[in-house]
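Structural overview
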Amino acid sequence: NAGVTQTPKFRVLKTGQSMTLLCAQDMNHEYMYWYRQDPGMGLRLIHYSVGEGTTAKGEVPDGYNVSRLKKQNFLLGLESAAPSQTSVYFCASTPDGIGQPQHFGDGTRLSIL
Amino acid sequence: GENVEQHPSTLSVQEGDSAVIKCTYSDSASNYFPWYKQELGKGPQLIIDIRSNVGEKKDQRIAVTLNKTAKHFSLHITETQPEDSAVYFCAALRTFGNEKLTFGTGTRLTIIP
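Before going into details, it helps to say that this report is about the structure given with it. Just so we're clear, the structure is a prediction, and the values are computed from it rather than from any experiment.

Reading guide: rules and limits
Residues numbered from 1 in each chain as written. Chains lettered and ligands numbered in written order. Predicted model: local features only at pLDDT ≥ 70, side-chain atom pairs only at ≥ 80, totals over all residues. Heavy atoms only, no water. Phe/Tyr/Trp six-rings, centres within 6.5 Å; stacked < 30°, edge-to-face > 60°. Helix = DSSP H or I, 4+ residues; strand = E, 2+ residues; numbered from the N terminus. Buried < 20%, exposed > 50% of the residue type's maximum accessible area, 1.4 Å probe, protein only. Polar contact = N/O pair within 3.5 Å; in protein donor to acceptor, adjacent residues only side chain to side chain.

**Describing the packing of aromatic side chains**
What characterises a pair of aromatic rings is the spacing of the ring centres plus the angle enclosed by the ring planes. One pass over the structure, following the stated rule, counts 13 aromatic pairs over all chains. Ring centres of A:F90 and A:F104 lie 6.4 Å apart, and the angle between their planes is 85 degrees; on these two criteria the pair is classed as edge-to-face. Placement of the pair is A:F90 in strand β9 (residues 87–94) and A:F104 in strand β10 (residues 103–104), with a sequence separation of 14 residues. Using a relative accessible area of 2% as the deciding quantity, one classes A:F90 as buried. Look at B:Y25 and B:F73: their rings are 6.1 Å apart centre to centre, the planes differ by 55 degrees, and that puts the pair in the tilted class. Within this pair, whereas B:Y25 is found in strand β3 (residues 19–25), its partner B:F73 is found in strand β8 (residues 72–77), the two being separated by 48 residues in sequence. By relative accessible area, B:Y25 is classed as buried at 6%. We classify B:F73 as buried; its relative accessible area is 0%. Members of the aromatic cluster, joined through ring pairs, are A:Y31, A:Y33, A:Y35, A:Y48, A:F90, A:F104, B:Y36 and B:F103.

This is how it looks when you write it as structure tokens:
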């Protein structure tokens, strides 16, 4: 039982490049989330999903897109990377609500040059 | 919107002593308050949580207290051990209207052997 798995763990991009971060969970959770973590700012919600086929905007959605085609996977896309998107990205999941303990992956460290 | 302030940002404690981290929140509609521990290179992990109908909750060496009137909640770690060294995040969930989980900015706790 792996829990929440994020790939890749590290990535360096050039400004303007695109990429997709993958999050997979094996706990049959309905809700999934993407956060970014920046020094001194805690965790900020980018997008989230309340079930397969659904997505919703969080606190800082600009410059990102997401998809939830399968219940176990939640993809975060950067269409045209910018240096301001340099951050550590965390995926999380909960069984069926926001007010439940969140299960986090170990993060993806992304640098945009 | 909700604002969660966390203090102190860094805390050093002698092994065996107690550590206290405090968070204040602004939205009186918040009713769920989790605490997460993040070790280096890992994702945050829930260590304890409390709901607004409870004033205190304890789990072995860890306890959380909630003062709804003053809108603050605190994490207490007793008999600290080296493995308690990590970054700790508080969070507050507003469930009235748009559900939103807001994280504090984190406290780096160092246990001095």
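Alright, that's what it looks like, and here's the rest.
**Brief notes about the side chain of B:S30**
Residue and element names in this part refer to chain B. Position of S30 among the secondary structure elements: in strand β4 (residues 30–38). Classification of S30 as buried rests on a relative accessible area of 4%. Within the structure, the side chain of S30 is placed 2.4 Å from the side chain of E2, a separation counted as a polar contact.

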